[in-house]
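Take a look at the letters that make up each chain.
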Amino acid sequence: DAKTTQPPSMDCAEGRAANLPCNHSTISGNEYVYWYRQIHSQGPQYIIHGLKNNETNEMASLIITEDRKSSTLILPHATLRDTAVYYCIVRVASSGNTPLVFGKGTRLSVIA
Amino acid sequence: GAGVSQSPSNKVTEKGKDVELRCDPISGHTALYWYRQSLGQGLEFLIYFQGNSAPDKSGLPSDRFSAERTGGSVSTLTIQRTQQEDSAVYLCASSVQGSYGYTFGSGTRLTVV
């Protein structure tokens, strides 16, 4: 699976959009981009995933650049409850159940 | 149940003792994973089970660690002769085969004193 690079930490004001970047310059054509987050003292939680088109669900939006070398997770109206570590993972979807590999992620702090 | 259940939520044990950690996956989820997370660190993969296939044990840090999954459902992670460096949160996750969406439990916080 391709390697990802994320900033170690970010701050965001409550109510504003949080834009979390992820670089995956070595991504291959059959690899998807997945995002998980881990709120303090809880297990990680799946957020969203995508291949090349932008995706949106009730939690977030995922914007993937045309060359697929980077992506941005957008939380449109961040709340204090969104404070967490956000993990960007690149993985071949057809790799069955081979385990997800979590990097260090980005620690997002939402500030009142 | 509605989610992945782990027990106990907290465990304090003396160095050298054996411990067993339990994971109850979501009903119907054929894949089950164990990870651990030391204080301030990322998630470290330990082992995973898929249906009746032989488990992938490639992440187990030593032969003191073992896991089993009975009847394709409940799993037990056993750590023998615990050491202080085993102190961590042990997380279990389950998923439907081929799914991207893991559901994690809340973990067991193990403290070896």
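Here, the structure is the one placed above.
All values derive from a computational prediction rather than experimental measurement. (Residues numbered from 1 in each chain as written. Chains lettered and ligands numbered in written order. Predicted model: local features only at pLDDT ≥ 70, side-chain atom pairs only at ≥ 80, totals over all residues. Heavy atoms only, no water.)

### Here we look at the interface of chain A and chain B
Reasoning step 1: Taken together, the contact pairs 17 residues of chain A with 22 residues of chain B.
Reasoning step 2: Linking chain A with chain B are zero salt bridges, by the criterion used here.
Reasoning step 3: On the surface where chain A and chain B come into contact, there are four residue pairs in polar contact (both at pLDDT 80 or more).
Reasoning step 4: At the level of secondary structure, the elements contributing two or more residues to the side of chain A that touches chain B comprise β3 (31-38), β4 (45-50) and β8 (84-92) of chain A.
Reasoning step 5: At three residues, the largest contribution of residues to the side of chain A that touches chain B is made by β3(A).
Reasoning step 6: Its residues assigned to classes, the side of chain A that touches chain B shows eight nonpolar, eight polar and one charged. (Contact = heavy atoms within 4.5 Å. Salt bridge = Lys/Arg side-chain N within 4 Å of Asp/Glu carboxyl O. Polar contact = N/O pair within 3.5 Å; in protein donor to acceptor, adjacent residues only side chain to side chain. Helix = DSSP H or I, 4+ residues; strand = E, 2+ residues; numbered from the N terminus. Nonpolar A, V, L, I, M, F, W, Y, C, P; charged D, E, K, R; others polar.)

### Notes on the packing of aromatic side chains
Here the distance between the centres and the angle between the planes together describe a pair of aromatic rings.
Reasoning step 1: Within the structure shown, the criterion is met by 13 aromatic pairs over all chains.
Reasoning step 2: Here F102(A) and Y35(B) contribute two aromatic rings whose centre-to-centre distance is 5.7 Å and whose plane-to-plane angle is 85°, an arrangement assigned as edge-to-face. Within this pair, whereas F102(A) is found in the loop between β8 and β9 (106-111), its partner Y35(B) is found in strand β4 (residues 31-37), the two belonging to separate chains. Across the pair, exposure class does not vary: F102(A) and Y35(B) are buried alike.
Reasoning step 3: In this structure F102(A) comes out as buried when scored by relative accessible area, which is 7%.
Reasoning step 4: Every member of this aromatic cluster is reached through a ring pair, and the members are Y36(A), Y46(A), Y87(A), F102(A), Y33(B), Y35(B), F45(B), Y48(B), Y102(B) and F104(B). (Phe/Tyr/Trp six-rings, centres within 6.5 Å; stacked < 30°, edge-to-face > 60°. Buried < 20%, exposed > 50% of the residue type's maximum accessible area, 1.4 Å probe, protein only.)

### Some details on the pairing of strand β7 (residues 70-75) of chain A
Residues and elements named next belong to chain A.
Reasoning step 1: Burial of β7 is one-sided: the residues S71, L73 and L75 facing one way are buried, the residues S70, T72 and I74 facing the other way are not.
Reasoning step 2: Bridging between strand β2 (residues 18-23) and β7 involves six bridges; their strand directions are antiparallel. Across the sheet, residue N23 finds its bridge partner in β7, namely S70.
Reasoning step 3: Inspection of the sheet shows strand β6 (residues 61-64) paired to β7 by four bridges, in the antiparallel sense. Its bridge partner being in β7, I64 is matched across the sheet by S71. (Pairing = 2+ DSSP bridges.)

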